[in-house]
Amino acid sequence: MKSVMVTGVDKIEWVEVDDLTTGDGEVLLKIRACGICGSDAFYAHMGGIPPHQGNTRLGHEPAAEVVEIGAGVSQIEVGDHVVIDTMMFSDGLLGSGGAQGALTPYVLVKDYQPGKQLKVIPKHVPWEVAALNEPMAVALHAVNRTQPKSGDKIAIFGAGPIGLGALLGYRSKGAKHIVVIDILDERLEKALAIGADAVINSATEDVAARLIELHGRGETAMVRGQRSDTDIFLDAAGVASVPQTATQIAGHGKTLGIVAVHKQPVELDFVNILTTELTIVWAMGYPTEIFEVTDDIVANWEKYEKIISHRFPFDQALEALELAQTPGAADKVTVLFD
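Okay, so let's go over this structure. Since the structure is predicted, the reported quantities are computational estimates derived from the model, not experimental observations. (Residues numbered from 1 in each chain as written. Predicted model: local features only at pLDDT ≥ 70, side-chain atom pairs only at ≥ 80, totals over all residues. Heavy atoms only, no water.)

### Observations concerning the sheet that holds strand 2 (residues 11-16)
Taken in spatial order, the 3 strands line up as 2-1-4 in an open sheet, and their pairing is antiparallel. Of all strands in the sheet, those bounded by a partner on one side alone are strand 2 and strand 4 (56-57). The pairing of strand 1 (residues 2-8) with strand 4 spans 2 bridges and is classified as antiparallel. In the strand pairing of strand 4, Val6 is matched with Thr56. (Pairing = 2+ DSSP bridges. Helix = DSSP H or I, 4+ residues; strand = E, 2+ residues; numbered from the N terminus.)

Put into structure tokens, the structure is as follows:
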């Protein structure tokens, strides 16, 4: 069978790999959909991930069907639809430097343990929506790190997949009012369709003034009435202006969460932040959220489906990766298997 693999620096190719056989305590999965992540391009730029540098298999956002089970496997059946914890494979991180990747027709779960690597989902959930489980777990971890309370007012910077996933995550936690901020109107329209209470185009609007209008006036120990009363700011954009803006307009005792990857250092005014006693938290991966998010995806799959912008068949996976790497060309790209 063929697999998508990083074979060198900025080089992604089709490579023939061995077929898989199922042994005792193992589960064979037929991959049905796999999302493309921004980190796939990062892995390629590195030339792959050690110890598989030069032969790193890609694909870490899968949904799959169980097609074979080995002796001793329990609590799962052939034909089950599953989402996958790609960090719990005994042969390494699936699609992120491990021995296997999900941009391959079949994946073998070795040393299977019930509830550890796989979670069964209802069969009515579309495969491409189920494949959002991994990135939506990243988004939910960011939400959890900011410790939202019911009734909180939220500002999310960035209406890409993680920002939109955070929107749904904050809604599930009881947020009162959620504003999404971006520079692309089509992304903001999608945020409204998914459930944002308001949106701000930061390229044409004054973010501080609009947030004060929407969330009321906050204060700091030194300055009163010139800050937003937004409870939580989330950076899902990854540009320096976002944490700089948030720290300039946050009121006293508020929270800023950083889930975006910043590729350059960011300069912040610590004196300004000191007066607000702003809490800054960081979010990476999904220590506990990989299957916590699944129930919300199942319950609200029509909303999550709106996050997906492009679908490609597996034989066009290289084109899917190229599109996903093109700035501004796509939001969430998903590969579908026969």
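Let's pick the thread back up.
### Things to note about the pairing of strand 1
Of all the 7 residues making up strand 1, 5 are buried; the element is thus mostly covered by neighbouring parts of the structure. Hairpin geometry of strand 1 and strand 2 is characterised by an intervening segment of 2 residues between the two adjacent antiparallel strands and by a positive phi of about 55° at Asp10. (Buried < 20%, exposed > 50% of the residue type's maximum accessible area, 1.4 Å probe, protein only.)

### Quick notes on the nonpolar core
For soluble globular proteins, nonpolar side chains are generally found buried alongside one another. Of all hydrophobic cores here, the largest spans 47 residues; its most connected members are Ile156, Leu167, Tyr170, Val180, Tyr304 and Ile307. Once residues within four sequence positions are removed from consideration, Tyr170 is found in contact with Ala142, Val143, Thr146, Pro148, Ile154, Ile156, Ala175, Ile178, Ile232 and Leu234. Listed in part, the 35 residues of the second largest apolar core include Ile12, Ile31, Tyr112 and Val333. (Core = buried A, V, L, I, M, F, W, Y, C linked by side-chain atoms within 4.5 Å. Contact = heavy atoms within 4.5 Å.)

### Things to note about unusual backbone geometry
Look at the link from Pro50 to Pro51: it is a cis peptide, with omega at 5°. On the secondary structure map, Pro51 appears in the loop between helix 1 (38-46) and strand 4. Look at Asp10: it is not a glycine, yet its phi comes out positive at around 55°. The backbone of Asp111 shows a phi angle near 55°, a positive value even though the residue is not glycine. As for its position among the elements, Asp111 is in the loop between strand 7 (106-109) and strand 8 (118-121).

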